[in-house]
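Listed below are the residues making up each chain.
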Amino acid sequence: MSNRKPSWYGIVKENDADKGMFTEKMKQIVIERVEHNRYKKMNHAFIKVLFPVAAAGLMLSILIVPLTNSWPAIFPLKQGGDSNGSMSPPGASGNDVTLNYEPAADVKIIPETDKAIRRDRLERIPLSSVTIKEVVASEGMGKYGKYVEYRKEGDPNPFFGYDSTNFLSSVIEGVYEIGYGALSDVKFRKSDAFGFSNVRLDGKCGPERRCTYWISQENNNIIANYQMDAATIYEEDLDGDGVTEAVVLTHDQDVYIYKNIAGVIKSIDVQAALQATFRDTVTYDPVQRTFQISSTLESRKYRYAAGMDKLELLERRELTYKGTM
Amino acid sequence: METEYLKDIDDVDSTELYNLMNQYGDDVWRYAYAITKNKEQSKDIAQEVFIKVHSHLHTYRGQSSFKTWLFAITRNIAINEMRSGYFRKVLLFGNVRNTRTEQSAEGTYIGIQGAAVIRSIIMGLSRKLREVLILDLDHELTIQEMADVLGIPQGTVKSRLNRARKKVEKIWREMENE
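Residues numbered from 1 in each chain as written. Chains lettered and ligands numbered in written order. Predicted model: local features only at pLDDT ≥ 70, side-chain atom pairs only at ≥ 80, totals over all residues. Heavy atoms only, no water.

In the annotation of an unreviewed UniProt entry, the entry for chain B reads Sigma-70 family RNA polymerase sigma factor, and the organism field reads Paenibacillus lutrae.

Set out below in structure tokens:
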């Protein structure tokens, strides 16, 4: 093969329209994620290495210092009450936290950090128009339907959809098309999230990512409400109004609550609501239905208020100095 | 920016990472696009590449040029994501249909422009041919570097590149004669 470049190389290179595709926003997202990972590692290292060392030092001081001077004999773990110490508590310092739910942003392209639930009406396409590659039926003899992966003639992309004769009867065998791509490790569950009669379909849709579809019937249409980074999902009636909300933990362990507000599924980023920094950890306890924000210095536990979009402070726990000089 | 020093360090700070993204971000995106043919997916892949660069820089020890190493990561991520059906952008049927309509209209519009026509021909090639041609045309990798990125012998790179160029020329000629 000749090493000489063809003449048309020059034409293409001169008219390069793809400069600046890696935008400033993308760079910013990368930096934020790298920083986030760095803090997570630091916290992890602190807990694994530094914390035991610090704890051992502390124990030593408790044993030795009282013998030599009038320093504190104990650093008790104080429960409840406000912090009077100079150390920074995690996140917001107020008692209760109002939750201002946001609807999904009106964007054609879902940004990397966007975790909103969006909805779409699924169209039914005849099975005769596609080549089926894989069918995964839900447990219980197809009780909740089937996941169907297929190809379309002339299109290199795989497509997938949901097949159910439970919702709508049709003389034509068909599949409700969800989109292009494919899921692996597919799971079905019955779900009443958001007050709909749902089937919840979720599966692995990328490296370290699971996508979830709440599929329901509305006025003879099949609707999919979907969230695209739901590593763990808990469906609970948090505010006690009889309608189930969804608490979702993303792959990065960020916590979101999704709620049906006047027919629109809106979301709240719990980290943001609690004003958590990268150093703080926010967790959800599905048994107690509590949200907890923790740093190495303090933790606060919240429960969703009955009938209100608010997190009520249940408990504040902090490590404080208590003794005499 | 000189990247020789990267083989001797295990970590880069945010400023250095930002500079690397300035220097290579578009190249990585373009290569991901050559593989996936999906602009939005390529954005995600390109971002993932630099996150990997940050966390795995200690594994780069100058065994190839930094760009070659970067492209090998890009290729791995892009192919893995295609295999696992990474489609979280422009996902649902309505959106897919809209996207295609736009692409089609755009394709008609740019059809009169030579560079865009050639680009569209390249993007219509099979992935094997498209990939090697983009690495040569856009990124000017040597045959050895392309072989390293693709994990194939140099002879195969030459043969694919030759086929790719001829195919583009043939289709372009046919289109001009229409």
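Engineer: Explain the overall build of chain B here, please?
Structural biologist: Per the secondary structure count, chain B includes eight helices and zero strands. Starting at the N terminus and walking to the C terminus, you meet the elements of chain B as α-α-α-α-α-α-α-α. In chain B, buried positions account for 53% of the 178 residues. Taking as baseline every contact in chain B between residues at least 6 positions apart, the subset at least 24 positions apart corresponds to 64%. (Helix = DSSP H or I, 4+ residues; strand = E, 2+ residues; numbered from the N terminus. Buried < 20%, exposed > 50% of the residue type's maximum accessible area, 1.4 Å probe, protein only. Contact = heavy atoms within 4.5 Å.)

Engineer: Explain the nonpolar core to me, please; I cannot follow it from the model alone.
Structural biologist: Nonpolar side chains in soluble globular proteins generally cluster together in the buried interior. Formed by 62 residues in total, the largest nonpolar core has its most connected members in A:Trp8, B:Phe50, B:Phe66, B:Leu70 and B:Leu133. The element that contributes the greatest number of residues to this core is helix α1 (residues 14-36) of chain B, accounting for 11 residues. Those residues in contact with B:Phe50, other than ones at most four positions away along the chain, are A:Phe22, A:Val30, B:Leu17, B:Leu20, B:Met21, B:Tyr24, B:Gly25, B:Val28 and B:Leu70. Among the nonpolar cores identified, the runner-up in size contains 21 residues, and A:Ile178, A:Phe188, A:Ile215 and A:Tyr226 belong to it. (Core = buried A, V, L, I, M, F, W, Y, C linked by side-chain atoms within 4.5 Å.)

Engineer: Please explain the packing of α1(B) against helix α2 (residues 39-56) of chain B as it appears in this structure.
Structural biologist: All names here are of chain B. The N-to-C vectors of α1 and α2 enclose an angle of 135°; their axes lie 8 Å apart at closest approach. Classified by the angle between their axes, α1 and α2 sit oblique to one another. α1 and α2 meet at a crossing whose hand is right-handed. The segment α1 lies against α2, with Leu-17, Leu-20, Met-21, Tyr-24, Gly-25, Val-28, Trp-29, Ala-32, Tyr-33 and Thr-36 engaging Lys-39, Gln-41, Ser-42, Lys-43, Ile-45, Ala-46, Val-49, Phe-50, Val-53 and His-54. (Axes fitted to C-alpha atoms, helices over the stretch in contact; angles between N-to-C directions. Parallel < 35°, antiparallel > 145°, perpendicular 65-115°, else oblique. Left-handed = near helix turned anticlockwise from the far one by under 90°.)

Engineer: Explain the sheet that holds strand β10 (residues 209-218) of chain A to me, please; I cannot follow it from the model alone.
Structural biologist: Within a beta sheet, neighbouring strands are joined by backbone hydrogen bonds and run either parallel or antiparallel to one another. Residues and elements named next belong to chain A. Strand order in the open sheet formed by nine strands is β4-β5-β6-β7-β3-β11-β10-β9-β8, with antiparallel pairing between adjacent strands. In the strand order of this sheet, the two ends are held by β4 (130-137) and β8 (184-191), each with one partner. Averaged over all adjacent pairs, the angle separating strand axes in this sheet is 35°, with direction ignored. When strand β9 (residues 198-206) meets β10, the two strands line up antiparallel, connected through eight bridges. Bridge pairing links Arg-200 to Trp-214 in β10. (Pairing = 2+ DSSP bridges.)

Engineer: For this particular structure, what's the right way to read the packing of aromatic side chains?
Structural biologist: How two aromatic rings sit relative to each other is set out by the distance from centre to centre and by the angle between their planes. Using the criterion set out here, one finds 18 aromatic pairs over all chains in the structure. A ring pair is formed by A:Phe160 and A:Tyr213, whose centres lie 5.9 Å apart and whose planes are at 70°; its orientation type is edge-to-face. Of this pair, A:Phe160 sits in strand β6 (residues 158-163) while A:Tyr213 is found in strand β10, placing the two residues 53 residues apart along the sequence. The same class applies to A:Phe160 and to A:Tyr213, which are both buried. With 5.1 Å between their ring centres and 15° between their planes, B:Trp29 and B:Tyr33 make a pair best called stacked. (Phe/Tyr/Trp six-rings, centres within 6.5 Å; stacked < 30°, edge-to-face > 60°.)

Engineer: Looking at this structure, how should I read the state of the cysteines?
Structural biologist: As used in these notes, a disulfide is a covalent bond between sulfur atoms, one from each of two cysteines. All names here are of chain A. Under the counting rule described, the total for this entry stands at one disulfide over all chains. Cys-205 shares a disulfide with Cys-211; S-S distance 2.0 Å. The sign of the S-S torsion, about 70°, decides the handedness of the disulfide formed by Cys-205 and Cys-211: right-handed. Owing to a relative accessible area of 0%, Cys-211 belongs among the buried residues under this scheme. (Disulfide = S-S within 2.5 Å.)

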